Amino acid sequence: MRCYRPISNLSVISKLLERLVAQQRLDYLTAAKLLPELQSAYRAFHSTETAVLKVLADILFALDIGDIAVLTLLDLSAAFDMVDHATLLRRLETSHGIDGTVLGWFASYLSGRIQTVCCGLSASDASAILCGVPQGSVFGPILFLLYTADLLRLVERHNLHPHMYADDTQICGFCRPAAASQLQQQVSVCIDDVALCCGCSQPGSS
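Structural notes, computed from the coordinates. In this text the structure is predicted, and so the values were computed from the model without any measurement. (Residues numbered from 1 in each chain as written. Predicted model: local features only at pLDDT ≥ 70, side-chain atom pairs only at ≥ 80, totals over all residues. Heavy atoms only, no water.)

### Re empty space enclosed by the protein
Across all of its chains, the model carries two cavities of 30 Å³ or more by this definition. Here the largest cavity defines a volume of roughly 40 Å³. Lining the largest cavity are K54, V55, D58, H161, P162, H163, Q170 and C172. Broken down by secondary-structure element, the contributors of at least two residues to the lining of the largest cavity are α2 (48-64), β6 (161-165) and β7 (168-175). Split into classes, the residues belonging to the lining of the largest cavity amount to three nonpolar, three polar and two charged. What the second largest cavity holds in volume is close to 40 Å³. No other element matches helix α5 (residues 139-147), which puts four residues into the lining of the second largest cavity. (1 Å grid on protein atoms, 1.4 Å probe; cavity = no way out; pocket = protein on both sides within 12 Å on 5 of 7 lines; lining within 4 Å. Points joined across faces, edges and corners; volume = space filled by probe spheres on them. Helix = DSSP H or I, 4+ residues; strand = E, 2+ residues; numbered from the N terminus. Nonpolar A, V, L, I, M, F, W, Y, C, P; charged D, E, K, R; others polar.)

### Side note on the pattern of salt bridges
By the definition in use, this model includes four salt bridges. A salt bridge links D67 to R176, with the shortest nitrogen-to-oxygen separation between them at 2.6 Å. On the criterion of sequence distance, the pair formed by D67 in the loop between α2 and β1 (68-75) and R176 in the loop between β7 and α7 (180-197) is long-range, its members being 109 residues apart. Ionic contacts of the salt-bridge type, sharing partners, join the residues R91, D150 and R153 into one network. (Salt bridge = Lys/Arg side-chain N within 4 Å of Asp/Glu carboxyl O.)

Written as structure tokens, this is what we have:
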């Protein structure tokens, strides 16, 4: 298993502060309707069940009216570790209306973290963590949710139907049987754009 995600040492006081700020942010994002409706994770009344029901209902409806359905499943490898801090802060400001002192607080929260590798009594030199969200933190999942919100909008711009659960993305497309080739090309172009948006050469898919 090749996973080198650092184990985060987080203080109790830090996590208590995170919970207070997280509740304020979620209240604001909910009231302003800035949370992505098609992301079923990390908030109340959104779960694996809602994700499965939504995708299944869309497919069954398409089949009932005589269309064909294409479902592409994307699994972004080490997605939580690949969150670019500069991109995240820019999206918080432009897409979610977070600026000024609050944006500066988030920048401070993400910066200044270091990691080291320990083996027995030996330890490597510390190096700065330039991307990713802290493992086990209160804010980590919420920040990831906001980071990937633009991915849903990208899929919709291709006239396809997205749904996400954490870092798993479902892309559905429907058409009349005669337009199957066109839909296949449409999905292929969308996946290429998703890979470009995520900064990877090719997302894992099945």
